[in-house]
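Coordinate inspection notes
As a plain string of letters, each chain reads:
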Amino acid sequence: MSHCSKCSGKTFYTRRYSGESLCSTCFKKSIIEKTRRTISKYRMIRRGERVGVALSGGKDSLSLLSVLHHLSERLGIQLVAISVDEGVKGYRDEALEHARLATSQYDMKHIIVSYKDLFGFSLDEALDWKNEERDVSSCSFCGVFRRRAIDEAAEKANVSAVASAHNLDDYIQTFMLNLLHGDVARLGWLDPAYADGSFAIRRIKPFMEIYEEEVALFAYQSGVSFQSVSCPYMHEGLRTEVRDFLNMMETTHPGMKNVLLRSSLEVISRYAKFDRKTCCRCSVCGRPTSSSLCSVCRMKTTIKQHVNYAG
Ligand code: SF4
Ligand code: ZN
């Protein structure tokens, strides 16, 4: 039987890319410590700040909440959970229950905003119409509103930064997808220290150096109850193929994902220097944008023409 490289306990997990074997306790500690180092390396959080945690109710975001809760005293920060109710019947309600349970366990402030209240329609209502239009994927469409909803909630919560649970796999997949879609101009958005001038609150990804597999293991090991079914509108298309390809490469060449993360960050940091283009204010909502109408207001106008709209 193999033993933990740190304490000689029974091996729970072996990192193939480093050869390190860890017992259950040391594995958990290593995830918390790795997150702390990432936060410090990219100066994501400053002492005394209020930090929002985007909490969907899935395993990744609940793990992030748990890790940041562990670190909050050491980092000298106060946490506020932020959830978005997109309005997906039979799916989001359950996820929000898991989110509520966790925040009440930690006795943490929890702000929930909904598409219905903010924009006047639920995702179900908007996609009912949009599903006939095949030009944009449901997730790209939903993502525009989701980003705005988190921004609004973050402002309401008066936080300096919002942490999302994107892990290393998410990060390198998004990098590859931007290349495959020819979206090179958007690479700068992935900069861990990105600030586009349109939003004063920093968007941070404390799990960006941790493999997806390890975040999942942490969630199971911590016994958090989370939403396991996927959103019925989720359509990952090319992302699934990119994920499978990267997983296959990692199996054959352990550590390849870490190498790709380092290369991505090198490329991204060069683009981030040039990508600061928010020239104007939206003529409807007044938010900074690169044209006269922001994407949220543009999409709302289109939806208004098709949905019995209350906003
Ligand atoms: Fe929106 Fe896609 Fe997430 Fe569903 S999976 S809530 S459509 S972003
Ligand atoms: Zn606008």
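Residues numbered from 1 in each chain as written. Chains lettered and ligands numbered in written order. Predicted model: local features only at pLDDT ≥ 70, side-chain atom pairs only at ≥ 80, totals over all residues.

Quick word on unusual backbone geometry
Although it is not a glycine, R43 adopts a positive phi angle of roughly 45°. In this structure, R43 sits in the loop between α1 (24-41) and β3 (50-54). The class of R43 is exposed, set by 11 C-beta atoms lying within 10 Å. The backbone of N158 shows a phi angle near 60°, a positive value even though the residue is not glycine. (Helix = DSSP H or I, 4+ residues; strand = E, 2+ residues; numbered from the N terminus. Buried ≥ 20, exposed ≤ 12 C-beta atoms within 10 Å, placed from the backbone.)

Looking at the site of ligand 1
In the vicinity of ligand 1, the contacting residues are E86, S138, C139, C142, G143, R146, C231, Y233 and M234. Residues belonging to the shell around ligand 1 are distributed by class as follows: five nonpolar, two polar and two charged. (Near = placed C-beta within 6 Å. Nonpolar A, V, L, I, M, F, W, Y, C, P; charged D, E, K, R; others polar.)

A closer look at helix α8 (residues 212-222)
Taken as a whole, α8 has its buried residues at E212, E214, V215, F218 and A219. All buried residues of α8 project into a common sector of 165° when viewed along the axis, lining one side. At its buried positions, α8 is contacted by α1, α2 (59-75) and α7 (168-180). One or two positions beyond α8, positive phi appears at G223, with a value near 70°. (Arc of directions from axis to C-beta. Contact = placed C-beta atoms within 7 Å.)

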